[in-house]
There are 2 protein chains.
Amino acid sequence: MADLDALRTLVAVGQTGSLSAAARELGVTQQAVSARLRTLESSLSSVLVQRSARGSLLTPTGVIVAGWAREVLAAADRFDQSALTLTGGRDKTLRLAASLTIAEHLVPRWLNIWRARVDEIPGVRLTAENSETVCRRLRDGDADLGFIETPDLPGDLDHVVVGQDELVLVVAPTHPWATRAEIAAPELARTPLVLRESGSGTRRALDAALQSAGTPRLADPAAELPSTLAVRGTVRGGFHAAVLSALAVDTDLAEGALVAVPVRGVMLRRALTAVWPRTGLTGAARSLLEAISGS
Amino acid sequence: MADLDALRTLVAVGQTGSLSAAARELGVTQQAVSARLRTLESSLSSVLVQRSARGSLLTPTGVIVAGWAREVLAAADRFDQSALTLTGGRDKTLRLAASLTIAEHLVPRWLNIWRARVDEIPGVRLTAENSETVCRRLRDGDADLGFIETPDLPGDLDHVVVGQDELVLVVAPTHPWATRAEIAAPELARTPLVLRESGSGTRRALDAALQSAGTPRLADPAAELPSTLAVRGTVRGGFHAAVLSALAVDTDLAEGALVAVPVRGVMLRRALTAVWPRTGLTGAARSLLEAISGS
DNA sequence: GGGGTTTACGTCCAACGTAATCATG
DNA sequence: CATGATTACGTTGGACGTAAACCCC
């Protein structure tokens, strides 16, 4: 609805107190700022800026809209920061290889913490792939540090546990299970769920957990979808339940779009492990690991 | 850097598993989707989608980028939701009037909770103004429910406390105080701070708290700025400290862009109060209040 | 007169839709 | 041959910069 440039403009006006100053900061003409603002104001049908002959102030409405805008811009900045790690700098960059869930949710967070603790962090290049590939890259010297979520650790690499990932049973708020206090493991196992294709890390972890809890094997899935994204979408539709990483659904849970249902009789949890070659940690990798574990 | 439509497109492709399906969902031609995707891919210089003659799948990189994109889109959706409350529907809408900090940070959150708990919430119109104006609107029948953060409650309105707002002393991570265990109230009072103009609610609250703690009056400010936005920016510059609402800086604190320093010897805290006319609460207002307090 | 702002106008690029082409199961 | 993707091309609208005018201390 509202484009990012318009929001950035509003915030700049709020910070500087003048359209022209905001224009200088943004590197556009003052007229462009004026135009952007009027477009934004009309699209919200609210007056956001009190213009005057010597400076402009945000109206009360402008203040709160600018506050809301800051949230969006912060999210966009985080995206840009994360995206930068895909291409990475040239030399002296820290090369990370992480399995999907970790690369998506945890690595950006860790890099943020690292940035806050260390004055100047080196460039980072992040690649996302499955656990076996992560380990192969480390052996081949194509990566300095890896993160995996499988229980089976390779013997020829050093490792340390850096966190836990919990799997949670989620349903839409309208689903019958949404109001259940808990679901017993066997009932979960025999109910058709929305699942990733077999072989996916999350599905293997669920399988393994149920098996070690002694419940019957998983029922045939209600649907088998190629991505967590698609699974989430289907669950929000309201007809089926799924088991997903807590990391993947935490915002949905916080917003109330999905509901977590406790499962009794099985430990749905797996360790997240950092791995690196026996030849040792590079300085940057060691520094990052320290930042992660110190948090 | 990346525009929202491109991100939306990527997510749609991930959910549907095909460019054409995504195009239908987005209401554009399939060619447009193809073009958007290629622009995005080249701007990130990464392959995000594995195209094939019968469907397309996200690459591992595509999966994590789509995940990051979802965060941005969720933030944008929250913005749109909040922005809707500025114009509001027509009749049967709940008219809220809130002071700035509450309107900016809390009302959107409360409405989300309300939405999650009640099947269908009515339209909402939100106006932001200072506490006196909020009360006047309630008396005049121009609003159904108000939220204020002043300690002085008008006697002719009903009220209930709905939360607490904490004021926190914040500095940049590079500021000398960033590593201090605590600051004593008198030291805070005699240090020039970055403040809002006198008369602002936050400044009055700080003044009152220090006074009731028996410390000397506040020193002359290091700078007097017209908006919290500007104050935040100056503090991030690193030279000065400020006292701001915890609500206004929580994301900065979480990201490590600012550091909170405990203050000893003074209670920097104020109640957030819902107020409404003696004539009673409307049904919608009562329902909202219940959702807030039940959370 | 020196910020600060708006109005007017011409330019240009980026995004889209139509149409034709290619690939695959 | 139906489905899905790309390439090619012409149109257009929105966003920007230049220029001129206005307003207030």
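Here we summarise the structure given alongside this text. Please read these numbers as outputs of a predicted model, since none were measured by experiment.

### Quick notes on the overall build of chain A
Secondary structure summary: chain A contains 11 helices and 13 strands in total. Relative to the globule expectation of 19 Å for 295 residues, the C-alpha radius of gyration of chain A, 24 Å, shows a markedly less compact shape. Projecting the C-alpha coordinates of chain A onto the three principal axes gives extents of approximately 75 × 55 × 30 Å. Here chain A holds 295 residues, and the buried ones make up 50% of them.

### What to know about the relation of the copies chain A and chain B
The two copies are related by a screw motion: chain A maps onto chain B through a turn of 180° and a shift of 0.0 Å along the axis, at an RMSD of 0.1 Å. Classification of the inter-copy transformation places it as that of a two-fold axis. Of the residues that chain A buries at the interface, 100% are likewise interface residues in chain B, meaning the two copies contact each other through the same surface.

### Side note on the packing of helix H5 (residues 100-117) of chain A against helix H4 (residues 60-87) of chain B
Two elements in contact, H5(A) and H4(B), have axes whose closest approach is 9 Å; the angle formed by their N-to-C orientations is 40°. With respect to H4(B), the axis of H5(A) lies oblique. In terms of crossing hand, the pair formed by H5(A) and H4(B) is right-handed. Residues A:Leu100, A:Ala103, A:Glu104 and A:Pro108 of H5(A) form the contact with H4(B), whose participating residues are B:Pro60, B:Val63, B:Ile64, B:Gly67 and B:Trp68. Tallied by class, the residues present in the contact of H5(A) with H4(B) amount to seven nonpolar, one polar and one charged.

### Topic: the protein's contact with DNA strand C
Neighbouring DNA strand C are 21 residues; A:Gln30, A:Arg51, A:Ser56, B:Thr29 and B:Gln31 lie closest to it. Taking all atoms of DNA strand C within 4 Å of the protein, the share assigned to sugar and phosphate is 71%. Backbone polar atom of A:Leu19 to a phosphate oxygen of DNA strand C: 3.1 Å apart, as the coordinates give it. Of all elements in the fold, only helix H2 (19-26), helix H3 (30-44), strand E1 (49-52) and strand E2 (55-58) of chain A together with helix H3 (30-44) of chain B reach the threshold of two or more residues within the surface near DNA strand C. Here the residues of the surface near DNA strand C are counted per class, giving five nonpolar, 10 polar and six charged.

Quick notes on the rules
- Residues numbered from 1 in each chain as written.
- Chains lettered and ligands numbered in written order.
- Predicted model: local features only at pLDDT ≥ 70, side-chain atom pairs only at ≥ 80, totals over all residues.
- Heavy atoms only, no water.
- Helix = DSSP H or I, 4+ residues; strand = E, 2+ residues; numbered from the N terminus.
- Rg over C-alpha atoms; globule rule 2.2 N^0.38 Å.
- Buried < 20%, exposed > 50% of the residue type's maximum accessible area, 1.4 Å probe, protein only.
- Least-squares fit on C-alpha atoms with pLDDT ≥ 70 in both.
- Contact = heavy atoms within 4.5 Å.
- Axes fitted to C-alpha atoms, helices over the stretch in contact; angles between N-to-C directions.
- Parallel < 35°, antiparallel > 145°, perpendicular 65-115°, else oblique.
- Left-handed = near helix turned anticlockwise from the far one by under 90°.
- Nonpolar A, V, L, I, M, F, W, Y, C, P; charged D, E, K, R; others polar.
- Near = heavy atom within 4 Å.
- Polar contact = N/O pair within 3.5 Å; in protein donor to acceptor, adjacent residues only side chain to side chain.

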